[in-house]
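# Geometric and topological summary
Below are the chains, spelled out letter by letter.
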Amino acid sequence: MSHSVTLIPGDGIGPEVAAAARRAVDATGVSIQWEPVELNAEVISQTGQSLPQHVLDSLERTRVGLKGPVTTPIGGGFASVNVALRKKLDLFANVRPVHSLPGIASRFSDVKIDMVIFRENTEDLYSGLEHEVVKDVVTSLKVITRVASVRIAEYAFAFAKKVGRRKVVAIHKANIMKLADGLFLRCCREVAERNPEIEYKELIVDNASMQLVIRPETFDVLLLPNLYGDIVSDLAAGLVGGLGVVPGANMGEHHAVFEAVHGSAPDIAGKGIANPTAMMLSAVLMLIHLGELDAANRLQAAVEKVYAGREEVTPDVGGRASTNGFTDAVIGHL
Ligand code: NAD
């Protein structure tokens with residue numbers, strides 16, 4: 001059976017890692033009809049739309065996307081297209097598995113880290129509702145709703161039950177944001193009560209950050225609102241070797257878009273040294289979603305073999321291989 005997938009290379013290192021992931025997926029033998037669509041600053045300024053219609057049309061057809069990062073201007077310019085896409089398609093769950101790859105050189109190589117982050121993906125301080133009340137006084141609205149909080153909590157608990165994970169920790173700052181984070185927490189507690197077989201705990205986000213660094217092996221499933229989820233994801237990536245190795249999935253009722261945690265990495269774009277692991281492992285999540293479990297397992301195993309052999313890994317994880325060199329090694333193992 002052939003699958004149609006929208007391929008969004010994005011910009012910065014996006015086109016490099018997207019091409020690598022596409023080659024690796026094709027090498028598994030799974031039949032994919034790729035629909036490449038451009039989504040980057042140039043297209044956005046040409047079309048005058050932060051989310052050009054051709055991207056939405058393609059995702060409407062395929063329902064599945066593999067996406068590279070897209071640069072967002074800082075402190076001005078157009079709004080994040082990444083956030084816009086998640087909202088438009090109601091990709092409410094951002095799922096990010098963080099685990100140690102065999103042989104990877106990281107500060108925590110002697111610790112077994114295996115956690116999954118569930119980040120609410122549609123609201124919170126990402127609402128984009130900002131307002132200059134008077135000159136030099138700005139407010140930014142943090143939106144938390146019952147619907148979105150229950151939905152992400154149910155998704156996290158359902159996942160935990162399905163794959164046999166044992167503990168969910170909700171991460172919050174409800175001691176300060178008593179209403180907003182208080183509501184998020186109440187929703188998590190309600191869902192936890194309906195799932196008594198899963199252990200449920202709560203941590204304040206600052207303490208959680210410290211615990212993640214000193215005892216990362218104790219974390220299993222993490223459940224967070226949007227902003228903490230974003231920050232904690234990068235922290236967690238740092239524990240297992242960096243942003244080059246952590247994949248992600250944006251899941252909705254009708255669409256799924258798979259993308260790495262990392263951004264467009266302008267500091268290394270075009271140098272041929274970007275690590276495509278995160279994008280390839282995002283493709284593994286996509287293959288699972290498509291029901292191609294054998295191909296997913298083989299691609300995961302091939303990536304792990306390259307790390308275990310330490311032959312052909314990229315500079316961000318202590319190696320000397322190029323993006324293409326790493327990709328060739330993965331394909332060799334396939
Ligand atoms: P970044 O993730 O792009 O880079 C942070 C650091 O990690 C850089 O030093 C970079 O070189 C390194 N890095 C990231 N991915 C790597 C890879 N695959 N291989 C090797 N090294 C890698 O974060 P940033 O610099 O804060 O953001 C750059 C741009 O990306 C911003 O415009 C931001 O808005 C955007 N961004 C987009 C997404 C997305 O498209 N989903 C996500 C995050 C950031």
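Definitions and cut-offs
Residues numbered from 1 in each chain as written. Predicted model: local features only at pLDDT ≥ 70, side-chain atom pairs only at ≥ 80, totals over all residues. Heavy atoms only, no water. Near = heavy atom within 4 Å. Polar contact = N/O pair within 3.5 Å; in protein donor to acceptor, adjacent residues only side chain to side chain. Areas by Shrake-Rupley, 256 points an atom, 1.4 Å probe, with all protein chains shown as cover. 1 Å grid on protein atoms, 1.4 Å probe; cavity = no way out; pocket = protein on both sides within 12 Å on 5 of 7 lines; lining within 4 Å. Sits in = over half its atoms within 2 Å of the grid points. Nonpolar A, V, L, I, M, F, W, Y, C, P; charged D, E, K, R; others polar. Helix = DSSP H or I, 4+ residues; strand = E, 2+ residues; numbered from the N terminus. Buried < 20%, exposed > 50% of the residue type's maximum accessible area, 1.4 Å probe, protein only. Expected span 1.5 Å × (residues − 1). Contact = heavy atoms within 4.5 Å. Axes fitted to C-alpha atoms, helices over the stretch in contact; angles between N-to-C directions. Parallel < 35°, antiparallel > 145°, perpendicular 65-115°, else oblique. Left-handed = near helix turned anticlockwise from the far one by under 90°.

### Description of the site of the ligand
Of all residues adjacent to the ligand, which total 22 residues, the nearest are T72, G263, A265, D267 and N275. Here an oxygen atom of the ligand and a backbone polar atom of V70 are 2.9 Å apart. At a separation of 2.8 Å, an oxygen atom of the ligand approaches a polar side-chain atom of D267. In isolation the ligand has 820 Å² of accessible area, and contact with the protein removes 71% of it. Judged by the proximity of its atoms to the pocket grid, the ligand belongs to the largest pocket. Residue composition of the shell around the ligand, grouped by class: 9 nonpolar, 8 polar and 5 charged.

### Here's the deal with unusual backbone geometry
Even without being a glycine, D124 presents a positive backbone phi close to 70°. Checked against the element boundaries, D124 lands in the loop between β5 (114–120) and β6 (130–134). On the basis of relative accessibility, which here comes to 0%, the residue D124 falls in the buried class. For A265, which is not glycine, the phi dihedral falls at a positive 40°. As for its position among the elements, A265 is in the loop between β12 (256–259) and α9 (277–289).

### A closer look at helix α1 (residues 14–27)
One full turn of an α-helix is made of 3.6 residues, so residues set three or four places apart face in the same direction. The end-to-end C-alpha distance of α1 is 20 Å, a good match for the 20 Å that 14 residues give at a rise of 1.5 Å each. Those residues of α1 that fall on the buried side of the exposure criterion are G14, E16, V17, A18, A20, A21, A24 and V25. On its buried face, α1 sits against β1 (2–8), β2 (31–36), β3 (64–67), α9, α10 (293–309) and α11 (323–333). In the segment just after α1, G29 is the residue with positive phi, at about 95°.

### Brief notes about the packing of helix α7 (residues 205–214) against helix α8 (residues 226–239)
Relative orientation and spacing of two packed helices are given, respectively, by the angle between their axes and the distance between those axes. Put simply, α7 and α8 touch, their axes get as near as 10 Å, and they point 10° apart. The angle between α7 and α8 places the two elements in the roughly parallel class. Note on packing geometry: the crossing formed by α7 with α8 is right-handed. The segment α7 lies against α8, with V205, S209, L212 and V213 engaging Y228, V232, L235 and L239. Its residues assigned to classes, the contact of α7 with α8 comprises 7 nonpolar, 1 polar and no charged.

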